[in-house]
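Here's the letter readout for the chains.
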Amino acid sequence: QDSAPATGPAAPELTLAQCITRALQKNFDLEISRYGPAIAQDGITVAKGGYEAQLSVTGSTGENNSPGLVSKTSDLRVGVTQRLYSGTTLSASSRLNRSSSDPALSTLNPAYDADLTLSVRQSLLRGYGTEVNRAIIERAEIGLLRSKLDYQTTALIVIQDTESAYYNLAFA
């Protein structure tokens, strides 16, 4: 009595393309290196942050109560500063001061005082020149390129290892 060996249901065949797709989806090193380009892009944003305009607003108020005299002052200052790639810093600010007293001691009550300040600063030694100031940004851009290449390298290694394992199994 010959009995044929019991065979279970046939295992589904996997093509090389299916193996590569699964390997790319489930590889932990590749999953980690997917974050590299996004982190490097953030580095570029941070490097460029030093060249964004900065707005500043400050204000104060005060009151002095003396017997028979009350004086009030208010001060507001608004400014903007911009650093350029050449190392130059441009600034503009304005101040408004208001003072009043009761009883009025002068014909101008309340009195206003305002000013406008413009400034240009250029370093002559440290931080002078476009090349020096753009170096950090260019280094961050190189980091982004390197991160993308590292990701591609990791993906190619996963594909190569998967192909090698597939053919070793197929021809075993």
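Residues numbered from 1 in each chain as written. Predicted model: local features only at pLDDT ≥ 70, side-chain atom pairs only at ≥ 80, totals over all residues. Heavy atoms only, no water.

**Some thoughts on the sheet that holds strand β1 (residues 54–66)**
Right, on to step 1. Read across the sheet, four strands follow the order β1-β2-β3-β4 without closing on themselves; strand pairing throughout is antiparallel. Every other strand in the sheet has two partners, leaving β1 and β4 (111–122) as the edge strands with one partner each. With direction set aside, neighbouring strand axes in the sheet form an average angle of 10°.
Right, on to step 2. Note: β1 against strand β2 (residues 69–83), 13 bridges, orientation antiparallel. For Thr61, the partnering residue across the bridge sits in β2 and is Ser74. (Pairing = 2+ DSSP bridges. Helix = DSSP H or I, 4+ residues; strand = E, 2+ residues; numbered from the N terminus. Axes fitted to C-alpha atoms, helices over the stretch in contact; angles between N-to-C directions.)

**With respect to the packing of aromatic side chains**
Right, on to step 1. Inspection of every chain in the model, using the stated rule, returns three aromatic pairs.
Right, on to step 2. Taken together, a centroid distance of 4.6 Å and an interplanar angle of 50° make the contact between Tyr51 and Tyr85 tilted. Of this pair, Tyr51 sits in the loop between α3 (35–49) and β1 while Tyr85 is found in the loop between β2 and β3 (88–102), placing the two residues 34 residues apart along the sequence.
Right, on to step 3. Judged by relative accessible area, Tyr51 falls into the buried class, the value being 11%.
Right, on to step 4. Ring geometry for Tyr167 versus Phe171: centroids 6.1 Å apart, planes at 15°, classification stacked.
Right, on to step 5. Judged by its relative accessible area of 40%, Tyr167 is partly exposed.
Right, on to step 6. Residue Phe171 is classed as exposed on the basis of its relative accessible area of 69%.
Right, on to step 7. Counting every residue linked through ring pairs, the aromatic cluster contains Tyr166, Tyr167 and Phe171.
Right, on to step 8. The ring of Tyr85 has Arg134 sitting right over it, with the charged end atom 5.0 Å from the ring centre. (Phe/Tyr/Trp six-rings, centres within 6.5 Å; stacked < 30°, edge-to-face > 60°. Buried < 20%, exposed > 50% of the residue type's maximum accessible area, 1.4 Å probe, protein only. Lys NZ or Arg CZ within 6 Å of the ring centre and 35° of its normal.)

**Details of the side chain of Ser100**
Right, on to step 1. Tracing the chain through its elements places Ser100 in strand β3.
Right, on to step 2. Setting aside its immediate chain neighbours within four residues, Ser100 contacts Val70, Ser71, Lys72, Asn109 and Pro110. (Contact = heavy atoms within 4.5 Å.)

**Examining the environment of Ala114**
Right, on to step 1. Position of Ala114 among the secondary structure elements: in strand β4.
Right, on to step 2. Among the residues examined, Ala114 registers a relative accessible area of 54% and is labelled exposed.
Right, on to step 3. On a C-alpha basis, the gap between Ala114 and Arg95 in space is 5.4 Å, while along the polypeptide they are 19 residues apart.
Right, on to step 4. The residues touching Ala114, leaving out its near neighbours within four places in the chain, are Arg95 and Leu96.

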